[in-house]
Every structure is written in C-alpha cells, then in structure tokens.
Amino acid sequence: MYVWTPHVPYGPRPVRVREISCCGEYEWCCEAGQFLIRRHSEENGYEETARGRHATARLVWAALTAAHRHGQRKP
C-alpha cells in the first residue's frame, strides 16, 4: 500500500517524534522542515514513508492509524 524506504537522517539534528500510534508501531515525525511517518523494522532499522509537506504526510498518517490493527504494545 505504501512504499517504505530505509530512513536516512537529513543533517545533524535528530528526528522530532511528534505523535505515536496506539501501540508504538508508527511515529509521526518532523525532520529538516519535512514531515514523515517512521516505523521500526528488525531487518532495516527505521523505515519511512510519506516524506514531504505536512498535509500530504498527515493524510497518510490518518490512513495508517485508521487501518492499523495492533498486536502487543511495544516498549
């Protein structure tokens, strides 16, 4: 449904996590003036999708969290 790519940091400042899904699977983030959704992958570390403008990324965030069926909460 969405293309997830390995997260590559843009510059020396850390990603700012602004919101977390109910079980911690997805993170709504801001980095270098762009917004993105991030998730942790055992194989790739962090992956991201929907990097770009707030409105575009927020639509993807809303769709992911609405469709998300979580299992166990992550620490």
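Reference entry: report on the structure contained in this document. (Residues numbered from 1 in each chain as written. Predicted model: local features only at pLDDT ≥ 70, side-chain atom pairs only at ≥ 80, totals over all residues. Heavy atoms only, no water.)

Quick look at the sheet that holds strand 3 (residues 26–31) now. Sheet strands associate in pairs through backbone hydrogen bonding, adopting either a parallel or an antiparallel arrangement. Spatially, 1-5-4-3-2 is the arrangement adopted by the 5 strands of the open sheet, whose pairing is antiparallel. If you trace the sheet from one side to the other, it starts and ends with strand 1 (5–6) and strand 2 (16–20), each paired once. Bridge count between strand 3 and strand 4 (residues 34–41): 6 bridges; the pairing is antiparallel. Directly across from Cys 30, in strand 4, lies its bridge partner Phe 35. (Pairing = 2+ DSSP bridges. Helix = DSSP H or I, 4+ residues; strand = E, 2+ residues; numbered from the N terminus.)

Attention now goes to the pairing of strand 5 (residues 45–52). Where a strand is regular, its side chains alternate between the two sheet faces. Examined bridge by bridge, strand 1 and strand 5 share 2 bridges and lie antiparallel to one another. Following the sheet pairing, Thr 5 is matched in strand 5 by Glu 48. Two strands pair when backbone bridges link them, and strand 4 and strand 5 are joined in this way by 6 bridges, in the antiparallel orientation. The residue bridging Ser 41 from the neighbouring strand is Gly 45, located in strand 5. With antiparallel pairing between neighbouring strands as the criterion, strand 4 and strand 5 make up a hairpin whose turn holds 3 residues.

Okay, the pattern of salt bridges next. In the structure shown here, the tally under the stated rule is 5 salt bridges. Arg 58 is the salt-bridge partner of Glu 19, the closest N and O atoms lying 3.0 Å from each other. With Glu 19 in strand 2 and Arg 58 in helix 1 (residues 54–67), this residue pair connects regions lying 39 residues apart in the sequence. Through salt bridges with shared partners, one network takes in Glu 31, Glu 48 and Arg 51. (Salt bridge = Lys/Arg side-chain N within 4 Å of Asp/Glu carboxyl O.)

Empty space within the largest pocket amounts to approximately 160 Å³. Taken together, Tyr 10, Gly 11, Pro 12, Arg 13, Pro 14, Arg 16, Cys 30, Glu 31, Ala 32 and Gly 33 form the lining of the largest pocket. For the lining of the largest pocket, the per-class residue count stands at 5 nonpolar, 2 polar and 3 charged. (1 Å grid on protein atoms, 1.4 Å probe; cavity = no way out; pocket = protein on both sides within 12 Å on 5 of 7 lines; lining within 4 Å. Points joined across faces, edges and corners; volume = space filled by probe spheres on them. Nonpolar A, V, L, I, M, F, W, Y, C, P; charged D, E, K, R; others polar.)

On to unusual backbone geometry, then. Its identity as a non-glycine residue notwithstanding, Ala 32 has a phi of 55°, on the positive side. In this fold, Ala 32 is placed in the loop between strand 3 and strand 4. The phi angle at Ala 50 is positive, at roughly 60°, despite the residue not being glycine.

None of this, on its own, says anything about what the molecule does.
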